Each structure stands twice: as structure tokens, then as C-alpha cells.
Amino acid sequence: MREPSRVTRPLLSLRSVSKTFTTAGRMVRAVDDVSFDVAKGECLAIVGESGSGKSTVAHMILGIYPQSAGEILLDGSLLPARRALIHRRAIQLVQQNPLSSLNPKRSIGASLRLALDVHGIGERSARWDRVGQLLEEVGLPADFRSRAPSTLSGGQRQRVAIARALACQSELVVLDEPTSALDVLVQARVLKLLNELRAQRGLTYVFITHDLSVVRNVATRVAVFEKGRLVELSPTETVFTNPKHPYTRRLIGAVPVVTAQEAELRGRLMEKSNASA
Amino acid sequence: MNRTLAILLRNPLSLLGLALVALVVLSAISADFITPFPEHAGAVVDFANFNKAPEWPYIMGTDLVGRDLFTRIVYAYRISLILGVVVLAIAVPIGVTIGLVAGYFGGWVEYVLMRVTDVFLSIPPLVLAMSMMGVLEPTLTNGMIAVTAMWWPWYTRLVYNLARSEKEEGYVLAAEVIGASKAHVMFREILPNCVPSILTKMTLDLGFVILIASSLSFLGLGVQPPTPDLGSMVADGAKYLPDSWWLTVFPGLAILVAVFGFNLVGDALREILGAEQ
């Protein structure tokens, strides 16, 4: 009996989580009574327009600030407001802007090594080699580790940021609009890399985005947020073919429409560029 | 490196500054070898040659007890530079650390530290140094203490403002999410990004510290005779203007050269370091 329960137990659970901010004496309810589970190995996309509270949810999962009410569970155990190192290690982040997420005054290798040093992963002397391996795992040459971030392109920097998230060998990665600062071709390659890593390493993603075409490419389920509330949570196909909530329908309706011909052409081009990436 | 050279060559003033600073520093270092009468730096009297207008071998004339002014000016540079370096070596780490802590921690820590800093900043610097020197004995060491006490708050202000904007950068969030210590975030992540501004200010300040130290000794509160000091030389000579003009003009010019040189180099440094960002 124990075995199946361990398999079905969600990796991450939010139970009636709320967050209120006080700005200029006014209470703003950014996230209102949100509950959902994230199963192991899935990619849950959180979509919504600006100010819908999707980033706030990500920040609470990461423990950047505590929730005002409710509880967050990781692998069945409660996450405290003040996270210990072990909790930090378990949940990693890839940020939206790869230009600012790497310290311009530190080498790529130093930024990557920080995760290994903080959590004491591997032998001290082997860590520099491990940094090289991590870079190779995201499709970059190992000798990039001695380079400065300013010598890398946006897509390369985002790969470094992904490598940093992998460094801790955590299962859960929060991706906060990881492709929205990249141009379309680079976007496709980074999404492909993310999909591959999830499949190979059994990673679990919480994927914050406002881009529904990205959702279609990576997500297994979609959580739609509107004004701090979770209005719909369905498998990706259902959301696109049969959206239940009127807000979801509006969101999908707002996606720029391409003709079937154009869509087919784009699909073929994407395949080509992915193959060459 | 090429860009550095290009900026220097484009701006003849920065070359002039470099030349002046090199002149001051090199002459101070090699004072024992380039001055005609090294013993005149101490308590020597030579009434046969007192108060002489510039003529060989006294290229800048002699003072009221017959000591070579050129020799005393070069040795005064040595004292001024030591004072400047020591003051900055103490004031900068103190000011930078307080500024980093206040800027990064925020909240009541910031409030307490910055209000203390404001108290120091609200007292006119010369008045603060004068009152300290009034209580303490006027010696070189106490002069350094007084100037240091008035200097660190400027670095606190500078670094506080830099740290407040740097801590919003993605790389700080990335380090925090990984679980890096506060000390690591402050000194290894934020501080390197403040270094260009700190270095620029230090170079500019070296001139100003020399100026303030000279002002103190002009008022009789700094270095005491027979130690040569530019400020007290100007003060002593001022009583004999305009007849014995060399007593004031050459030490005054010496102060000008040092302050001007460090200012020009500081400006050039600001341009070079700013351009590299």
C-alpha cells in the first residue's frame, strides 16, 4: 500500500495560499486562496496577464517572501517561512532576464560554482570540472566557465542560468518567464533544451509565462490566474480545445491568429532550426 | 586595455593628470635621492642662507631658518601621501561596509546606520576635524584620526545608494535563492559591482584629503614642526607676503599640483571604468 501512495504524492502542494501586500497603507490581495498540486515530472504552466499574481506565486514557492495565509508543502513536508539550506537546494529558479541574472563582475564559472560551494556538493577540487560538465549538459563548451557574462549572447546566458538551476540536482525548477527576453529562434532552442532536460532528469517545472504558444510547447497542465485567483487548472490540450472559464477563453482569443498555411510553415521551420541547434 | 589607452589619448587632460600624479608620487618615494639637502626635512638651521629668493642650489628659495624649500616640499608630499593613503585605507573599508549593510539589509538596520551617517555628514567637515584636533593633541596620527572620522560617511552614502540599486538585480536574487550567505551576497556579489565607483572616488579623494590635511595644518592643527607640511609652510610664509613670495607660492603650487593631478586622474578613471560597464 505504501508504494503507490509515494508515487501519487505530489511534489509540490499549495493549500489555500494567499498573499497580501500593504502599499501606501492600502492592502492589496495579490494571491487569493490558491490551492494546487504539482506532480513529479510534470510541467505546470502558470499563465495570466501582468498583475495576475503568477510571479507572486513563484516567489512564495521559492521562499523569497512568505505567504500571508495557507501552507506550501514540498514532497509532503511543510516549507517554513524562513527556508533552511536544504529547502533552498530543493527548489531552483531560472529568471526572466538573463542579462541581469548573472553577476557581470563574476565569471560564468564562479556563478555556477556558488551553488556547489553553498551546498557542499562534490569534492572541493572536483567542483571546477563539475562546472564544465554542467555547461556541456546545457550545450555550451566547458571553457565558457572562465568567461565573463558580457561575452555571451542572451540565449547562451539563459543556458548558463539553466545550468545553475541544475547544479543543485534539485527536482523542482521554477521558471519565471525564461524565454520572454529571448528572440524567437533562441526561444525555440531554449524550450527544446528545457524539454529534454525534464525528460532526461525527471525534473518538475513550474513554468510562469504569459506566452500561450510557449505553454503549448512545454506544459502538461495549465493553471490560469486572474486577479490573484486560480480560475482554471486543466491539461494543456483541454485548455486550448475546450477552455471552461470565460477568462481563459479571452486569453486564448487574444493570441494572434495565423492561417493554417503559415502555422504549418512555421512548424516546419522550427523543426529545422531545432535540428540544427 | 586598448579602450583604456584610447580614452587616455583622446583626453590630453587625463594624460596631464597622470603626469602630475606620477611626479608627486615618484618624487615623494625617491625624496632621499632627488633632494639636494635631505637633512633639511628635519630641525636644521642655517642662518647664513635664511630667507633666500630662488637661486642655485636653492631652486625654490629657503625658509626663515635657512632650509631648502624644494627639499621640504618634496618631503611634505611624502607625509601628505602617507596621510592620504592611511586615511583612505581606514575610512573606505569602514564606510563601504556600513553602506553595504545598510543598503542590503534595509529596514531598521538601514534607518539606524544611515541616521548616524547623516549626523556625521551634517557637521561641516573642517569644523568636525578642527573640534577633534582641538580635543586631541595635534600630531600626524591624530590628524589622520580626525580626517578619517570625517571621511567614511561619504563612502557609506556612495555604497549605500549603489547597494540599494544593485540588490534589485537578478544576480542578487539568484544568489539568495541558491542559499548564499548574506556576507557572500554583500561582499562577493554586490561589492565587486561597486568597485569602479569606489576606486574613482578614492582617486579623487586622495587630492581632497591632502587639501583638508593642509587646511588643518594651515590652521596649526595638523602636523607640527619641524616635520615639513605644505599647509603650515603656506601659513608661515603668509606673514611675509609679498616680499618673501616663494615661502607661500611654491608650497601653494605644490598643493595645487597634487590636488589637480589626482582630480584629473579620478575623472579619467571614471570615464574608463564607466565605459567598460
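What counts, and where the lines are drawn
The numbering scheme is per chain: residues are counted from 1 as the chain's sequence reads. Note on labels: chains are lettered from A, ligands numbered from 1, in written order. Whole-chain, interface and lining totals are the exception, using all residues; otherwise, since this is a predicted model, local features are given only for residues with pLDDT of at least 70 and side-chain atom pairs are given and counted only at 80 or more. As a rule here, side-chain values come from all non-hydrogen atoms in the structure, and water together with hydrogens is ignored. UniProt positions are given in the numbering used here, feature names are shortened, and annotations may be inferred rather than shown by experiment. Strands here mean DSSP runs of E at least two residues long; helices mean DSSP runs of H or I at least four residues long; both are numbered from the N terminus. Strands pair, by our definition, only if DSSP identifies at least two bridges between them. Working convention: axes come from line fits to C-alpha atoms, limited for helices to the stretch in contact. Angles between N-to-C directions cover 0 to 180 degrees. Roughly parallel refers to an angle under 35 degrees, roughly antiparallel to one over 145, roughly perpendicular to one between 65 and 115, and oblique to any angle outside these ranges. Put simply, a crossing is left-handed when the front helix is turned counterclockwise from the back one by less than a right angle, and right-handed when it is turned clockwise. Contact criterion: two residues are considered in contact whenever any of their non-hydrogen atoms come within 4.5 Å of each other. Relative accessible area decides the class of each residue, using a 1.4 Å probe on protein chains only: under 20% of the type maximum gives buried, over 50% gives exposed, and in between gives partly exposed. Between N or O atoms, a polar contact is any pair within 3.5 Å; within protein, one atom must be a potential hydrogen donor and the other a potential acceptor, and residues adjacent in sequence are included only when both atoms are from side chains. Definitions used throughout: a 1 Å grid over protein atoms alone; a cavity as a set of points that fits a 1.4 Å probe which cannot get out; a pocket as an open set with protein on both sides within 12 Å along at least five of seven lines; a lining residue as one with an atom within 4 Å of a point. Grid points are joined across faces, edges and corners, and a volume is the space filled by probe spheres set on the points. Amino acids are sorted into nonpolar (Ala, Val, Leu, Ile, Met, Phe, Trp, Tyr, Cys and Pro), charged (Asp, Glu, Lys and Arg) and polar (every other residue, Gly among them). Whether two aromatic rings pair depends on their centres lying within 6.5 Å, for rings of Phe, Tyr and Trp, where Trp uses its six-membered ring; planes under 30 degrees apart make the pair stacked, over 60 edge-to-face, and the rest tilted. In this scheme, the term charge over a ring applies when either NZ of a lysine or CZ of an arginine sits within 6 Å of the ring centre and within 35 degrees of the ring normal. Nonpolar side chains (Val, Leu, Ile, Met, Phe, Trp, Tyr) within 5 Å and like charges within 9 Å form the patches, drawn only from residues with over 30% relative accessible area and no salt bridge. Methods summary: accessible areas were calculated by the Shrake-Rupley approach with a probe of 1.4 Å, and residue burial reflects only the protein chains presented. A pair is scored as a salt bridge if a Lys or Arg side-chain nitrogen falls within 4 Å of a carboxyl oxygen belonging to Asp or Glu.

### A look at the UniProt feature "transmembrane region" (unreviewed entry) in chain B
Residue and element names in this part refer to chain B.
Next up, step 1: Those places that UniProt annotates as "transmembrane region" (unreviewed entry) correspond, in this numbering, to residues 79-107, 119-136, 142-160, 206-224 and 244-265.
Next up, step 2: Measuring from the first to the last C-alpha atom of residues 142-160 gives 28 Å, for a span that is 100% helix and 0% strand.
Next up, step 3: Strand forms 0% of residues 206-224 and helix 68%; the C-alpha atoms that close the span are 21 Å apart.

### Observations concerning the sheet that holds strand β7 (residues 172-176) of chain A
Think of a sheet as strands paired side by side through backbone hydrogen bonds, with each pair either parallel or antiparallel.
All names here are of chain A.
Next up, step 1: What the six strands build is an open sheet, ordered β6-β7-β8-β3-β9-β10; its pairing is mixed. In the strand order of this sheet, the two ends are held by β6 (91-94) and β10 (229-235), each with one partner. Ignoring strand direction, the axes of neighbouring strands in this sheet form an average angle of 20°.
Next up, step 2: Pairing of strand β3 (residues 43-47) with strand β9 (residues 221-226), which is carried by four bridges, proceeds in the parallel orientation. Following the sheet pairing, I46 is matched in β9 by A223.

### Considerations on the pairing of strand β1 (residues 12-23) of chain A
All names here are of chain A.
Next up, step 1: Of the strand pairs in this sheet, β1 and strand β2 (residues 26-38) are connected by nine bridges, and their pairing is antiparallel. Looking at the pairing, V17 lines up with V34 of β2.
Next up, step 2: Hairpin connection of β1 to β2: two residues between the antiparallel strands, including A24 at a positive phi of 50°.
Next up, step 3: Relative to strand β4 (residues 69-74), β1 is paired through five bridges, and the arrangement is antiparallel.

### Some remarks on the packing of helix α6 (residues 154-167) of chain A against helix α7 (residues 184-201) of chain A
How two helices pack is summed up by the angle between their axes together with the distance between the axes.
Residues and elements named next belong to chain A.
Next up, step 1: Where α6 contacts α7, the axes come no closer than 10 Å and their chain directions differ by 15°. Comparing the axis directions of α6 and α7 gives the class roughly parallel. The two elements α6 and α7 meet at a crossing, and its hand is right-handed. When α6 is examined against α7, the residues G155, Q158, R159, I162 and L166 are found in contact with a partner set consisting of V186, R189, V190, L193, L194, L197 and R201.

### Comments concerning the environment of D63(B)
Residues and elements named next belong to chain B.
Next up, step 1: Inspection of the secondary structure assignment puts D63 in the loop between α3 (31-34) and α4 (69-105).
Next up, step 2: With relative accessibility at 9%, the residue D63 sits in the buried group.
Next up, step 3: For D63 and D236, which are 173 residues apart along the polypeptide, the C-alpha to C-alpha distance reads 9.2 Å.
Next up, step 4: Look past the residues within four positions of D63 in its chain and what remains in contact with it is F50, N51, L69, R72 and L247.
Next up, step 5: Of note is the side chain of D63, whose polar atom sits 3.1 Å from the backbone nitrogen of V65.
Next up, step 6: Within the structure, the side chain of D63 is placed 2.8 Å from the backbone nitrogen of R67, a separation counted as a polar contact.

### What to know about empty space enclosed by the protein
Residue and element names in this part refer to chain B.
Next up, step 1: All chains considered together, the criterion is met by six cavities of 30 Å³ or more.
Next up, step 2: In this model, the largest cavity occupies a volume close to 60 Å³.
Next up, step 3: Residue lining of the largest cavity: L83, T139, L140, G143, V147, A213, L216, S217, G222, V223 and D229, and that is the complete set.
Next up, step 4: When its residues are assigned to classes, the lining of the largest cavity shows six nonpolar, four polar and one charged.

### What to know about the packing of aromatic side chains
Next up, step 1: A complete count under the given rule lists six aromatic pairs over all chains for this structure.
Next up, step 2: Arranged with centres 5.4 Å apart and planes meeting at 90°, the rings of F21(A) and Y65(A) form a pair that is edge-to-face. Within this pair, whereas F21(A) is found in strand β1, its partner Y65(A) is found in the loop between α2 (54-62) and β4, the two being separated by 44 residues in sequence.
Next up, step 3: Both rings, one in F37(B) and one in Y58(B), keep their centres 5.2 Å apart while their planes meet at 25°; by these two values the pair is stacked. Taken together, the residues span a long stretch of sequence, with F37(B) in the loop between α3 and α4 and Y58(B) in the loop between α3 and α4 at a distance of 21 residues.
Next up, step 4: When its relative accessible area of 7% is taken as the criterion, Y58(B) is described as buried.
Next up, step 5: Sitting over the face of the ring of F144(A), R147(A) holds its NZ or CZ atom 4.2 Å from the ring centroid.

### A few points about a nonpolar patch on the surface
Residues and elements named next belong to chain B.
Next up, step 1: The grouping of L13, L16, L241, W245, V249, L253, L256 and F260 at the surface amounts to a nonpolar patch, some 700 Å² of accessible area in total.
Next up, step 2: Where the nonpolar patch is concerned, the elements lending two or more residues are α2 (12-29) and α11 (246-276).
Next up, step 3: With four residues, the single largest contributor to the nonpolar patch is α11.
Next up, step 4: With respect to the helices, strands and loops of the structure, W245 is situated in the loop between α10 (230-238) and α11.

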